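Secondary and tertiary structure notes
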Amino acid sequence: MMSIPVGLQVYSIRDDAQKDFAAAMRAVKEMGYDFVELAGLYGMRPEEIRRILDGCGLYALSAHVPFVELAGDIARAAEDYAAIGCRYVAIPYLTEDLRPREPGFEQVLNAIPTFAQELGKKGITLLYHNHDFEFVRMDDGSYALDYLYARFTPAQLQTELDTCWVKVAGEDPAAYIRKYAGRCPVVHLKDFFKEGKPADMYELIGIDAEKKKEAAGIFEFRPVGHGMQDVPAILSAAAESGAEYFIVEQDSSAVRPPMEAVRMSREYLKTLGV
């Protein structure tokens, strides 16, 4: 049995959280989750978020904060998420203009040391949460994701490997976790089904839908343990590599309510002793 705590990325149940954050958090606790990772503050003050979580017996380990928000006022972001009690803040996604091999990527690279320094003043560690677009080759032949981590020290930037997108990119999630042993405190557990070459997988996370093309395959997110991932292998690799936290994330579900999906994920992980 693993003693690694399991949390939920609140984006998985974003509509429920927006409707009634306190009720959603109580439900998450009842499912057996130990903590949450925030994706926004739902119009509340940081102190109110913390009060609600404390009342439910949860805590906010981390938060996904858009790059533009961090760049706009990193000191304020550090203050807000420290007030909630977060130990980590993750850059969750890069818009097309900021991605590797685009001119804006240099802006991201230049900003990371400042982000890390300001967050560090509040005891918060900076993470990077990948998708599949970081698996393009840079001029030196390395993947952009590896290029990113090689650019900075572990003190400046830690990994938050999203195992779904690693797999979608054609790499082995367990092997990739081992590659960053000692630098992978938080691992995202996400399952999926994919067949053929789907046209717009990001439409399922509410992004890039305007570029939708004719579909040539199927892609859908699924509860952990109900898709194509070798979850036991991922868990073992994470434990062996020094991971301290697992976070369940399901961006969208076409066949079941989000609360049902995240409950199924937690129940499956319990069968594996997590």
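Scroll up to find the structure.
Residues numbered from 1 in each chain as written. Predicted model: local features only at pLDDT ≥ 70, side-chain atom pairs only at ≥ 80, totals over all residues. Heavy atoms only, no water.

Some details on the pairing of strand S2 (residues 35-38)
With burial as the criterion, each face of S2 is covered, one bearing Phe 35 and Glu 37 and the other bearing Val 36 and Leu 38. Where strand S1 (residues 6-9) meets S2, three bridges bridge the pair, whose relative direction is parallel. Paired with Leu 8 across the bridge in S2 is Val 36. For the segment spanning S2, helix H3 (residues 46-56) and strand S3 (residues 60-64), crossover handedness is right-handed. (Buried < 20%, exposed > 50% of the residue type's maximum accessible area, 1.4 Å probe, protein only. Helix = DSSP H or I, 4+ residues; strand = E, 2+ residues; numbered from the N terminus. Pairing = 2+ DSSP bridges. Right-handed = clockwise from strand over helix to strand, strands pointing away.)

Remarks on the environment of Leu 161
Structurally, the position occupied by Leu 161 is in strand S6 (residues 158-162). When the C-alpha positions of Leu 161 and Tyr 176 are compared, they lie 8.2 Å apart, and in sequence the two are 15 residues distant. Aside from chain neighbours lying at most four places away, what touches Leu 161 is Asn 130, Leu 145, Tyr 176, Ile 177, Val 186, Val 187 and His 188. (Contact = heavy atoms within 4.5 Å.)

Quick look at the packing of aromatic side chains
A complete count under the given rule lists 14 aromatic pairs for this structure. The interplanar angle of 70 degrees and the centroid separation of 5.1 Å between the aromatic rings of Phe 135 and Tyr 143 together place this pair among those described as edge-to-face. Each member of the pair, Phe 135 as well as Tyr 143, carries the same accessibility label: buried. When the ring centre of Phe 133 is taken as origin, the NZ or CZ atom of Arg 99, which lies over that ring, is 4.1 Å away. The lysine or arginine in question, Arg 137, covers the ring of Tyr 143, its NZ or CZ lying 3.9 Å from the ring centre. (Phe/Tyr/Trp six-rings, centres within 6.5 Å; stacked < 30°, edge-to-face > 60°. Lys NZ or Arg CZ within 6 Å of the ring centre and 35° of its normal.)

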